[in-house]
Structure formats: structure tokens, C-alpha cells
Amino acid sequence: MSPSGPSTDMRILNAEFVKSIVSYEETNNGPLTEVCFIGRSNVGKSSMINSLVARKIARTSSSPGATKLINIFTIAYESGMVKKSVCFSDFPGFGFSRVSRSVSQSWQAMIENYILKNKKIRTIIWLFDIRREIDELDEMLIEWLLENNLNFCVVLTKCDKETQGAIVKKKRLFETYLKNRHVFTYSSKTGLGKKEILSYMAKAVE
Ligand SMILES: Nc1nc2c(ncn2[C@@H]2O[C@H](COP(=O)(O)OP(=O)(O)O)[C@@H](O)[C@H]2O)c(=O)[nH]1
Ligand SMILES: [Mg+2]
């Protein structure tokens, strides 16, 4: 580790699924800090977790809306020659149009309750499909994150499906919209952005 500053790499040593829970009240992560992964169904949350840790610990699906639980994982890693652990939480996708409004509202209440009560959360990774446009529901989420002073970043997913020009344009749009927040580009297929996000997370949970 250089004496000029803390090392911010995150070299994964081990990663495993712990349990699925439905509410904050079931949380039992001890002293571990946490990183949350949120976003629409099918945006690539589970794929991103698997690609970050280079193991298949989260179940992925091509049919949206499959995950209705919060899945908890523990990740052992090395950062600056020091062994550490952190918890990842994979959230059920919000805004899925095929579920009824009342169901989607109860999911939202569950997510809000979990995030606001859990003081171990160091950052929220909000995944957004690069091919989509921001809609009213996304605006509500952004407002809620800002209102509650939550630390978050945006990850534009599935970049392997877009041209370089479109990627740059969408990234700038988000950067302008969210002012000082980090906006990452990512692909679970090619590994684009992996190093940057691991480094961001290592800093966030320090
Ligand atoms: N091309 C491409 N497909 C992806 C990527 N990430 C996820 N997918 C696909 O998108 C679908 C949903 O992924 P999943 O991780 O289950 O999304 P989740 O519902 O947000 O957890 C699956 O068919 C994945 O194979 C990516 O980076 N690139
Ligand atoms: Mg999933």
C-alpha cells in the first residue's frame, strides 16, 4: 500500500449466498457494512453481482419479476493487503408493470423500510439499462435518494448492447442530471466497468 493514501482495490477472495429475507427486521449481518443493488427487474442486478465476484452466487433470469426477496451475500476480499468482508444485498426489482399497483407499492415500502433503517449501508448501486430513458418512476427514486441523503451511484448496464457514441451521450446526460454523483458504464458480458466499480465500493465501505 502506498503511504500517500489508502488502497482502493477490492480483490475478491470468496463470495457466498447467505439467505433471502423479506424485511429489515430479519437482518443479521453483525458488524458487516453493506452495499445495496437496486433497479428495475431484468436490469442486470444479479448478473452484475456474479460478474463482480466472478462466481455464480445470484440467480439470474430472463423473465422479469422473478426475485421478490432481498438476497444477502457475504463477500470476503483483500484491499491494500488487508483482508476484509462486506455484505451485498440484491433487491427485488421495482416498477415491474406486470405486477399490480398494490403489489408494487408493498415492494416499495419494503425496500424503503430496509434502506432507511439499515445503518450499515455505505452505498446504493442503482442500475439503469443504458437503452432506456428516465421516466417518472426513476425521477421518484432519484428524489427519494436525494431527500434521504443516501450515498448512491448510477451504473448504466448492458453497455455491450449500445454503440460507443450512445454510451458517452447517456453517461453525460446522467452526469448532468445528477451533478456530483458517480455514473459508471457496465457490462456483465464483457467486464466493462468492473475495475472502476470494485474500486468505488472499496472506498465506500472503508
Ligand atoms: N447483453 C447483456 N445482457 C445482460 C447483461 N446483464 C444481464 N443481462 C441479461 O439480462 C437478463 C436479466 O438479468 P438479471 O441479472 O437476472 O437481472 P435482474 O432482474 O436485475 O437481477 C438476463 O437474461 C441476463 O443474461 C449485460 O451486461 N449484457
Ligand atoms: Mg435478480
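Coordinates for the structure precede this section.
Residues numbered from 1 in each chain as written. Chains lettered and ligands numbered in written order. Predicted model: local features only at pLDDT ≥ 70, side-chain atom pairs only at ≥ 80, totals over all residues. Heavy atoms only, no water.

A. Quick peek at the site of ligand 1. Lining the immediate surroundings of ligand 1 are 17 residues, of which N42, K45, S47, D160 and S188 lie closest. One of the side-chain nitrogen or oxygen atoms of D160 is found 2.7 Å away from a nitrogen atom of ligand 1. One nitrogen or oxygen atom from the main chain of S188 is found 2.8 Å from an oxygen atom belonging to ligand 1. Burial of ligand 1 by the protein chains amounts to 85% of its free accessible area of 580 Å². Looking at the shell around ligand 1, its residues break down into 1 nonpolar, 10 polar and 6 charged. (Near = heavy atom within 4 Å. Polar contact = N/O pair within 3.5 Å; in protein donor to acceptor, adjacent residues only side chain to side chain. Areas by Shrake-Rupley, 256 points an atom, 1.4 Å probe, with all protein chains shown as cover. Nonpolar A, V, L, I, M, F, W, Y, C, P; charged D, E, K, R; others polar.)

B. Focus on the packing of aromatic side chains. Under the criterion given, the structure shown has 8 aromatic pairs. An angle of 80° between the planes, with centres 5.3 Å apart, marks the rings of F91 and Y114 as edge-to-face. Of this pair, F91 sits in the loop between β4 (82–90) and α2 (101–117) while Y114 sits in helix α2, placing them 23 residues apart in sequence. For F91, a relative accessible area of 1% gives the class buried. When the ring of F184 is compared with that of Y200, the centres are 5.3 Å apart and the planes differ by 65°; the resulting orientation is edge-to-face. Taken together, the residues F184 in strand β7 (residues 183–185) and Y200 in helix α5 (residues 194–205) connect sequence positions 16 residues apart. By relative accessible area, which is 11% here, F184 ends up buried. By relative accessible area, Y200 is classed as buried at 9%. Feature note: the residues Y24, F91 and Y114 constitute an aromatic cluster, connected by ring pairs. (Phe/Tyr/Trp six-rings, centres within 6.5 Å; stacked < 30°, edge-to-face > 60°. Helix = DSSP H or I, 4+ residues; strand = E, 2+ residues; numbered from the N terminus. Buried < 20%, exposed > 50% of the residue type's maximum accessible area, 1.4 Å probe, protein only.)

C. View of the environment of T60. Its location among the elements puts T60 in the loop between α1 (45–53) and β3 (70–79). Judged by its relative accessible area of 36%, T60 falls in the partly exposed class. Discounting chain neighbours no more than four positions away, the residues touching T60 are S46, S47 and N50. (Contact = heavy atoms within 4.5 Å.)

Read these as geometric descriptors, not functional statements.
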